[in-house]
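Close look at the chain arrangement
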Amino acid sequence: MKSSAVHRLRLVSAPEAVSFLVLLLCSVLKRTTDFNAVPVMGMVHGVLFVLYLLFLADAWKKQRWDARRGVLMFVLSVLPTGGFFAERMLAREEQEGYAPAGGAAEKAAA
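Here's what I pulled together on the structure shown here.

How each quantity is defined
- Residues numbered from 1 in each chain as written.
- Predicted model: local features only at pLDDT ≥ 70, side-chain atom pairs only at ≥ 80, totals over all residues.
- Heavy atoms only, no water.
- Helix = DSSP H or I, 4+ residues; strand = E, 2+ residues; numbered from the N terminus.
- Phe/Tyr/Trp six-rings, centres within 6.5 Å; stacked < 30°, edge-to-face > 60°.
- Lys NZ or Arg CZ within 6 Å of the ring centre and 35° of its normal.
- Expected span 1.5 Å × (residues − 1).
- Buried < 20%, exposed > 50% of the residue type's maximum accessible area, 1.4 Å probe, protein only.
- Arc of directions from axis to C-beta.
- Contact = heavy atoms within 4.5 Å.
- Axes fitted to C-alpha atoms, helices over the stretch in contact; angles between N-to-C directions.
- Parallel < 35°, antiparallel > 145°, perpendicular 65-115°, else oblique.
- Left-handed = near helix turned anticlockwise from the far one by under 90°.
- Nonpolar A, V, L, I, M, F, W, Y, C, P; charged D, E, K, R; others polar.

Concerning unusual backbone geometry
- A positive phi angle, near 55 degrees, is found at Arg64, a position not held by glycine.
- Structurally, Arg64 can be placed in the loop between helix 2 (38-63) and helix 3 (67-78).

This is the structure in C-alpha cells:
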C-alpha cells in the first residue's frame, strides 16, 4: 500500500540525517577554527527535524503502526545516521507494503 504520509516521511529522512551530520561537523569546526556555520545549520537541521516529527506523527496515525515501529522511527531520527536507515526501511515499505499487526492483510488471509 503506497501512502503519501510514508512517502513524505521518506523524503525528509535522508536530508534530516545529512543536516545532522553537517551540523556536527560545523560544531567541530566552530571549536577548532574561526568558521562558525552553527547558527545557520542549526536552523536548517531544526526545520528538517520538526518536519520529520510532523511527518512521522502523520504516518504513524495513517499507517496504524504499532508503538514499537513508531518509537523505532523516532529513535532513528535522533541518531546521527539513523535517517538513512529510516529512509531504507520506508522505501522497502513503500515497495512491499506494510500491514500492521491485526491489520487488513491478516483479516483478508483468514
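Side note on the packing of aromatic side chains
- All chains considered together, the criterion is met by 0 aromatic pairs.
- Just above the ring of Phe55 sits the side chain of Arg8; from NZ or CZ to the centre is 5.7 Å.
- The lysine or arginine in question, Arg69, covers the ring of Trp65, its NZ or CZ lying 5.2 Å from the ring centre.

Focus: helix 3
- For helix 3, built from 12 residues, the straight-helix expectation of 16 Å at 1.5 Å per residue is met to within 8% by its first-to-last C-alpha distance of 17 Å.
- Buried residues of helix 3: Arg69, Gly70, Met73, Leu76 and Ser77, and no others. With its buried residues spanning 125 degrees around the axis, helix 3 presents them on a single face. More than 90 degrees from the buried face of helix 3, the exposed residues found are Ala67 and Arg68.
- Turning to helix 3, the residues buried within the fold contact helix 1 (4-32), helix 2 and helix 4 (82-96).

Some details on helix 1
- Helix length check: helix 1 (29 residues) gives 43 Å between terminal C-alpha atoms against 42 Å at 1.5 Å per residue, within 8%.
- Every buried residue of helix 1 is listed here: Ala5, Val6, Leu9, Val12, Ser13, Glu16, Ala17, Ser19, Phe20, Leu23 and Cys26.
- Looking at the buried side of helix 1, the elements it contacts are helix 2, helix 3 and helix 4.

Section: the packing of helix 1 against helix 4
- Between helix 1 and helix 4, whose axes approach to 8 Å, the crossing angle comes to 165 degrees. One way to sum up the angle between helix 1 and helix 4 is to call them roughly antiparallel. Handedness of the crossing formed by helix 1 with helix 4: left-handed. Residues Val6, His7, Leu9, Arg10, Ser13, Ala14, Ala17, Val18 and Leu21 of helix 1 lie in contact with helix 4, whose contacting residues are Gly83, Phe84, Ala86, Glu87, Leu90, Ala91, Glu93 and Glu94.
- Class assignment of the residues belonging to the contact of helix 1 with helix 4 gives a composition of 10 nonpolar, 3 polar and 4 charged.

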